[in-house]
Amino acid sequence: MLYFSRWKIYMIVATCVAGFIVMLPNFLGRETLASLPSWYANSRVALGLDLRGGSHLLLEVDMATVIRDRVEGLVDGARQQLRTANVGYTAITAGDRAVTVQLRDAAQTDDAVKALRGLSNPVGGVTMAGGQPDIAVSVNGPTVTVALSEVALRDRATQAIEQSIEIVRRRIDETGVNEPTIARQGTDRILVQLPGVEDPDRVKRLLGTTAKMTFRLVDSSADPSTGRAPPGSEILPSSEGGRGQTSYVIRKKVEVDGATLKNATASTNSQSGEWVVNFEFNSAGANRFAEITKANVGRPFAIVLDNKVISAPVIREPITGGRGQISGNFSAASANDLAVLLRAGALPAPLKVIEERTVGPDLGADSIRSGLTAVAVGFVMVCVYMIASYGLFGAFACFALLINIVLTLAALSLLHATLTLPGIAGVLLTLGLAVDANILINERIREETKKGRGVFASMEAGFSRAYSTIVDSNLTTAIKMALLFIFGTGTIKGFAVTITFGILISMFTATVLVRLMMVTWLRQTRPTALPV
Amino acid sequence: MFRLRLVPDNTKIPFMNGRYAGLITSAFLSIASLILFFHPGLNYGIDFRGGIVIEARTPQATDFASLRHTLTGLGMGQVALQEFGSNQDVLIRLERQPGDDAAQQVAADKVRATLATAVPGTQVRRVEAVGASVSGELFANGMMALGLAMLAMLLYIWFRFEWQFGLGAVVTLLLDITKIVGFYAVTGLQFNLVAVAAILTIMGYSINDKVVVYDRMRENLRIYKKMPLRDLIDLSINETLNRTLGTSMCTFLSVIPLALFGGEALQDFGIVLLLGVFIATTSSIFIAAPILLFLGENRLRRGAPDVQPTNAPTTP
């Protein structure tokens, strides 16, 4: 155990030097970093939001709405299909996950089933056949039930979350946050991390808006104040910024969908000076918009956002250029936000913020400072104890401890792991746990010396006897930290990460490196007694 | 040449004389902890219970009375204010608001806005708002981690040693953990994810310590084939005492800075770890070893003559 071949010595030294080089960019100033090649300058530890400041939001997609939308779509579809197939019905009702149709004539069930099967959309279409149908049609006398299958629900949920992530990403990109993290979590959640964002209010407001925009005709035949809308129409409230009426009777039929918008910008109207949102359709939307406005000159046309009427201007002339303007008592901020929302597109379902953790940049900087102080103080105290107890061998252990910290930082930098405040606590705790190996070894050497063994024999026995104990103790810690990493969330994971790295690296620094130092010292000084 | 020794070499403390005292004290503390765990129970942090924590820094020394009055006036249930660090730093805790997860966000924003008007110039340094569904999951995950850690330890020790050692280690571990939980109950420290991390760390540390002492016992079992188990256990503990105390000392020294200036979150962590190191060290000597003595009296020393009349008679 005490022999080191020449190449082994080179390897050990090279590892330490490489570690030092890798972690160096963490401590260089901004200007120095700029002058370095980027692959090297980027070799830095990523700081967690609790250290750099920022906002962590956990969003949940409202899956109930997703499913309800699909069921409502089925109701509309069923109505149309039955009408084309000339099947009479008395009622179509929407259930939780199914639509029930009461037929007027039980003899028509076959026709009805055939027509309703036409509503099916294949899901999970990986095969040429296009996968399974997403609905199951069943018959019970004159009642036909169209139920969404389990696969269909899952598929719909996956689609909804993927779409939501895309929309969330676009909306956040619009706000100009640097390096946001947007990731799916579980089946219906989205994790959003926004470094440097101190007050996530605006982001939360942007993400909390579904932004489903539709252009629909106003039903002038009814009075909204009666509270009753004719079939095919509904009463919608006016948005908060709206003027004039507080509610409108709006046709349910969507004339132009907001999804056909190509662009939207906020500006001030040159005449009135108030804030407006200019929008532009793609070619399909522009054609549709031209048709509608041509056919309905002189009638009010409502712009509806999330079931609220923003404005309902009267069409003065056909708009054929595919451009328009929304004015609705906007402030500069609300006009800009609406433009952002329209550009990014609508969410498939509402999002809820279910967890927020925000740390201001000052607190983050304070945490880094106190964390570094704690590590420095801890290091010095452990070193004083080790040197007082084991003299030169204690000093070797301290040097190894320093290298341990360097290599841990290097490992974190290489893997771009995130350092959090609990992570710093992990570094601190590693200081205590890593020297355990050296204490074990030194105590063993001491015992062996007292038994009257020679210098080399004592060292040999000390290392080999202590080794299995060291492996044991480090393995148990590693098991714990793996569990914490799997089940812990957020910053606490950082604790598991630094301790695991620290412990694994201590297997190298506290045993191999220290042994090399001891052996070198032994060969050079040829002592008759060991300093333990 | 001066060398710091925590205990002199050749220390021969008859630890096993105190085996009943150790076990009884430990059992008493653990039972008391269990009672405290149910009544009054733990002070669960927002990770596990949901709710809102806001850390703010006021421009002058915080006027707690008026701030409490203002915030209580919002009608959002009990508002706890706590000074920490300097007299300008205040920690505001609100219970989980009724309603769904989003209700926490609304309440947090309301407190933020109120702070801005009530004490102008206040800096909101940290906001955490956790809803019920998230906190429920975090709690389940935390408990899962603890349970699996326990199981993993049992399997590990079982694999490495004879079953007497494994049982001794796990019983000791349970006693250790209940005491830590009891400490959380007595002090009212926040029991949250950080607490789970602390308990896991202490479990690791405790097992670690037991492995070292057990290792030595096993080694001595092979060397001194005729020594009574009781003397052998005492000898093993004494031989490893300098290491046990040394490692505890180093861990202590490295954790002290955390308890001193670890900030709001890590201060508690540091304090609990300090206690945990103490509990784990003493339990290796006073709990794990006596359990092994009781379990292994006849089995681990099969065939060895008993020379100690005070010991229970062995079957040949």
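Residues numbered from 1 in each chain as written. Chains lettered and ligands numbered in written order. Predicted model: local features only at pLDDT ≥ 70, side-chain atom pairs only at ≥ 80, totals over all residues.

1. What to know about the overall build of chain A
A tally of regular secondary structure across chain A gives 14 helices and 21 strands. For chain A, the C-alpha atoms occupy an extent of roughly 110 × 65 × 40 Å along the three principal directions. For chain A, long-range pairs separated by at least 24 residues make up 69% of all intrachain contacts whose partners lie at least 6 apart in sequence. (Helix = DSSP H or I, 4+ residues; strand = E, 2+ residues; numbered from the N terminus. Contact = placed C-beta atoms within 7 Å.)

2. Focus: the overall build of chain B
The secondary structure content of chain B amounts to 10 helices and 6 strands. For 316 residues, the compact-globule estimate of 2.2 N^0.38 gives 20 Å, and chain B exceeds it by more than 25% at 25 Å. By its C-alpha atoms, chain B is 80 × 50 × 30 Å across when sized along the principal axes. The long-range fraction of contacts in chain B, counting pairs at least 24 apart against all pairs at least 6 apart in sequence, stands at 76%. (Rg over C-alpha atoms; globule rule 2.2 N^0.38 Å.)

3. Section: the environment of Arg216 of chain A
All names here are of chain A. Following the sequence through the fold, Arg216 ends up in strand E11 (residues 213–217). Under the C-beta neighbour-count criterion, Arg216 is labelled buried, with 23 such atoms within 10 Å. Spatially, the C-alpha atom of Arg216 lies 7.3 Å from that of Val304, the residues being 88 residues apart in sequence. Other than its neighbours up to four places away in sequence, Arg216 contacts Ile250, Arg251, Lys253, Val254, Glu255, Ala302 and Val304. (Buried ≥ 20, exposed ≤ 12 C-beta atoms within 10 Å, placed from the backbone.)

4. Observations concerning the UniProt feature "transmembrane region" (unreviewed entry) in chain B
Residue and element names in this part refer to chain B. Per the UniProt record, "transmembrane region" (unreviewed entry) is annotated on residues 20–39, 138–158, 165–185, 191–208, 245–263 and 269–295. Taken end to end, residues 138–158 comprises 100% helix and 0% strand; its first and last C-alpha atoms sit 30 Å apart. Secondary structure over residues 165–185 splits into 100% helix and 0% strand, and the C-alpha atoms at its two ends are 30 Å apart. (UniProt positions renumbered as here; feature names shortened; annotations may be inferred.)

5. With respect to the nonpolar core
All names here are of chain A. Ranked by internal contacts, the top residues of the largest apolar core, which has 211 residues, are Val277, Leu342, Val382, Ala397, Leu401, Leu428 and Leu484. Ranked by the residues each element gives to this core, the list is headed by helix H11 (residues 361–414), at 22 residues. If sequence neighbours within four positions are ignored, Ala397 has contacts with Met386, Val435, Asn438, Ala510 and Val514. Among the nonpolar cores identified, the runner-up in size contains 15 residues, and Leu82, Val87, Val101 and Ala112 belong to it. (Core = buried A, V, L, I, M, F, W, Y, C linked by C-beta atoms within 7 Å.)

6. What about the UniProt feature "domain: Protein export membrane protein SecD/SecF C-terminal" (unreviewed entry) in chain B?
When the UniProt feature table is mapped to this numbering, "domain: Protein export membrane protein SecD/SecF C-terminal" (unreviewed entry) covers residues 113–297 of chain B. Secondary structure content for residues 113–297 of chain B is 85% helix and 5% strand, while the C-alpha to C-alpha distance between its ends is 68 Å.

7. Thoughts on the sheet that holds strand E19 (residues 323–330) of chain A
Residue and element names in this part refer to chain A. Taking strand neighbours across the sheet as the criterion, the 3 strands line up as E15-E16-E19 in an open arrangement whose pairing is antiparallel. Lying at the two open borders of the sheet, with one neighbouring strand each, are strand E15 (261–268) and E19. Taking each pair of neighbouring strands and ignoring which way they run, the sheet shows an average axis angle of 25°. In this structure, E15 lies alongside strand E16 (residues 275–281), joined through 7 bridges in antiparallel fashion. Within the sheet, the bridge partner assigned to Ser267 lies in E16 and is Val276. In the packing of helix H10 (residues 332–344) onto the sheet, contacts are made with E15, E16 and E19, and the angle to E15 comes to roughly 170°. (Pairing = 2+ DSSP bridges. Axes fitted to C-alpha atoms, helices over the stretch in contact; angles between N-to-C directions.)

8. Here we look at unusual backbone geometry
In this chain, His39 of chain B is followed by Pro40 of chain B through a cis amide linkage whose omega measures 10°. Relative to the assigned elements, Pro40 of chain B resides in the loop between helix H1 (19–38) and strand E1 (43–44). Here Glu179 of chain A, not a glycine, exhibits a phi torsion of approximately 45°, which is positive. When you line up the elements, Glu179 of chain A lands in the loop between helix H7 (150–175) and strand E9 (181–185). Overall, the presence of 10 C-beta atoms within 10 Å leaves Glu179 of chain A in the exposed class. Even without being a glycine, Ala211 of chain A presents a positive backbone phi close to 65°. Along the chain, Ala211 of chain A falls in the loop between helix H8 (201–207) and E11. Ala211 of chain A gets classed as buried once you count the C-beta atoms within 10 Å, which come to 20.

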